[in-house]
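The primary structure of each chain is shown beneath.
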Amino acid sequence: MYIPKGKGVFRPVGIPAVRCRVAQEGIRAVIDPICEPTLHDSSHGFLRHRRCHTAMAQLVALHRQGYRGGVDADLTGFLDSIPHPLILALVARAIADGNIVRLITKCLQASVREEGEVRPTRQGTPQGGVVSPLLANLVVHHLDWRLEALGYRFVRYADDCVVLCKTRRQAEKARQAVTQCVEDDLGWALNPDKTQLTTCGQGFVFLGYDVSARTIRMGGKAEERFKRKMKACTTRSHHLDAEVGMHVNRVIRGTVRSFATACTSCLGQCNERARWIRRRIRCMKDTRIWKTDNRRVKRRHIERMGFVLCREVYLSAKEGEDTDSSQGARSWGPPGACKTHAGTYGESTPWRQRGGAGYGLPLTHW
């Protein structure tokens with residue numbers, strides 16, 4: 001099947017059969033404890049105890065050390081275009097068991113059924129497969145260690161990689177090194193539309209966040225996805241009932257909490273989106289758009305209906321950052337990465353007293 005990627009582009013998703021998924025999970029359980037320790041500490045994609053939040057925390061930590069620019073690199077077809085010989089060679093280097101290698105070969109070469117027609121798979125590992133993320137990380141970790149050997153600092157999540165440098169001349173050399181490693185060693189290609197030299201002053205997009213010299217905010221694409229989901233939940237011709245409130249609250253909590261990290265400053269965006277959501281809820285209630293509705297159906301009335309507010313979800317998520325991870329809270333990244341205002345505020349200081357105007361970090365840190 002195909003899922004929309006934006007701008008009329010669709011991404012193929014290969015969904016294995018049940019017995020194939022069971023076999024892939026068995027393979028993953030065997031090789032994951034062997035392969036994961038060999039991966040670089042700056043890789044955060046598809047790994048246990050790592051996610052987008054830990055990648056952003058490491059990015060902030062490097063920015064504090066004076067790395068203000070670099071290369072924003074993106075691989076073309078992260079899972080779809082990996083050469084099979086390259087995958088098998090790197091797997092055989094880490095795993096000496098021929099049975100495991102033969103099973104992985106069968107998983108890679110499994111045919112694909114599309115519109116009733118069976119087609120062979122000649123390259124790539126299917127997106128949607130259980131073992132595909134681990135195989136992709138095994139391939140790209142060659143780039144990680146090459147950058148490490150050359151002395152560059154970087155943050156990578158799957159196919160998105162930011163190589164951080166202190167000068168533009170270093171960034172140009174880093175871009176040449178990345179291009180040479182990806183194209184010559186791995187037989188891949190960089191996405192020319194997304195790979196560019198950038199600085200925090202100019203701003204760039206990484207993992208859905210808009211990163212600039214002073215703030216890290218929710219990116220434009222993430223906002224558009226959020227608005228599309230809210231429009232689907234709050235159609236004016238539908239009745240305003242408890243089910244609508246459940247869907248709206250689920251979308252708000254999921255989106256806002258994912259961007260309420262230690263280093264983001266999305267409070268202004270949350271306030272703006274909250275006003276927009278309240279206007280749509282008022283339209284559903286009266287099936288109209290009148291300016292007087294904003295005075296009649298006030299914010300406290302919407303709260304009594306059971307709807308959550310973006311601002312309150314954001315602030316509660318920020319206040320819960322300092323709790324212990326063993327109690328179900330977030331842990332903000334690898335050792336040495338951006339701890340929650342470590343060395344600046346006391347651990348028990350409420351978030352409302354830390355950020356002033358809604359910034360995740362004081363401007364002095366940027």
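Our subject is the structure that appears above.
Residues numbered from 1 in each chain as written. Predicted model: local features only at pLDDT ≥ 70, side-chain atom pairs only at ≥ 80, totals over all residues. Heavy atoms only, no water.

Asks: Where do I start with the pairing of strand β6 (residues 153–157) in this structure?
Replies: Here is the key point about a regular strand: its side chains alternate between the two faces of the sheet. Counting buried positions along β6 yields 4 of 5 residues, so the element is predominantly enclosed. Across 5 bridges, the pairing between β6 and strand β7 (residues 160–165) is antiparallel. Each residue of the ladder has a partner; that of Val155, found in β7, is Val162. If you look at the hairpin formed by β6 and β7, you'll find 2 residues sitting between the two strands, and Ala158 has a positive phi there, around 60 degrees. (Buried < 20%, exposed > 50% of the residue type's maximum accessible area, 1.4 Å probe, protein only. Helix = DSSP H or I, 4+ residues; strand = E, 2+ residues; numbered from the N terminus. Pairing = 2+ DSSP bridges.)

Asks: Would you explain the packing of helix α8 (residues 242–259) against helix α12 (residues 310–319) in this entry?
Replies: The description of two packed helices rests on the angle between their axes and on the distance between the axes. Put simply, α8 and α12 touch, their axes get as near as 9 Å, and they point 45 degrees apart. Relative to α12, the element α8 lies oblique. Between α8 and α12 lies a crossing whose hand is right-handed. Between α8, through Ile252, Arg253, Val256, Arg257 and Phe259, and α12, the contact on the second element is made entirely by Cys310, Val313, Tyr314 and Ala317. Tallied by class, residues from the contact of α8 with α12 come to 7 nonpolar, no polar and 2 charged. (Axes fitted to C-alpha atoms, helices over the stretch in contact; angles between N-to-C directions. Parallel < 35°, antiparallel > 145°, perpendicular 65-115°, else oblique. Left-handed = near helix turned anticlockwise from the far one by under 90°. Contact = heavy atoms within 4.5 Å. Nonpolar A, V, L, I, M, F, W, Y, C, P; charged D, E, K, R; others polar.)

Asks: Please explain a nonpolar patch on the surface as it appears in this structure.
Replies: A surface patch of nonpolar side chains, amounting to about 300 Å² of accessible area, comprises Met1, Ile3 and Ile15. Topologically, Ile3 is positioned in strand β1 (residues 2–6). (Patch = residues over 30% accessible without salt bridge, like charges linked within 9 Å, V, L, I, M, F, W, Y side chains within 5 Å. Areas by Shrake-Rupley, 256 points an atom, 1.4 Å probe, with all protein chains shown as cover. Salt bridge = Lys/Arg side-chain N within 4 Å of Asp/Glu carboxyl O.)

Asks: Help me understand the pattern of salt bridges, please; the structure alone is not making it clear to me.
Replies: Between side chains of opposite charge, pairing is possible as soon as their charged atoms come close. If you walk through the whole model with that rule in mind, you get 12 salt bridges. Asp41 is the partner of Arg50 in a salt bridge, and the nearest nitrogen-oxygen pair spans 3.6 Å. Looking at Arg50, the relative accessible area reads 27%, which means it is partly exposed. By relative accessible area, Asp41 is classed as exposed at 53%. Among the ionic pairs, Glu223 bridges to Arg273, the shortest N-O distance being 2.5 Å. In this pair, Glu223 sits in helix α7 (residues 220–233) while Arg273 sits in helix α9 (residues 267–286), placing the two residues 50 residues apart along the sequence. In terms of burial, Glu223 and Arg273 fall into one category: buried.

Asks: Got a minute to help me understand the layout of surface pockets in this structure?
Replies: Where empty space is left in the structure can be found by rolling a water-sized probe over the atoms. Approximately 1700 Å³ is the volume attributed to the largest pocket. Lining the largest pocket are 41 residues; nearest its centre among them are Lys5, Arg11, Asp160, Lys194 and Lys221. It is α7 that provides the largest number of residues to the lining of the largest pocket, a total of 6 residues. Taken together, the residues that form the lining of the largest pocket break down as 17 nonpolar, 9 polar and 15 charged. A volume near 720 Å³ is recorded for the second largest pocket. Every residue lining the second largest pocket is counted, 28 residues in all, and those nearest its centre are Val13, Gly14, Val112, Thr121 and Pro126. Secondary structure elements with two or more residues in the lining of the second largest pocket: α1 (18–35), α4 (98–109) and β4 (112–114). Looking at the lining of the second largest pocket residue by residue, the class counts come to 15 nonpolar, 8 polar and 5 charged. (1 Å grid on protein atoms, 1.4 Å probe; cavity = no way out; pocket = protein on both sides within 12 Å on 5 of 7 lines; lining within 4 Å. Points joined across faces, edges and corners; volume = space filled by probe spheres on them.)

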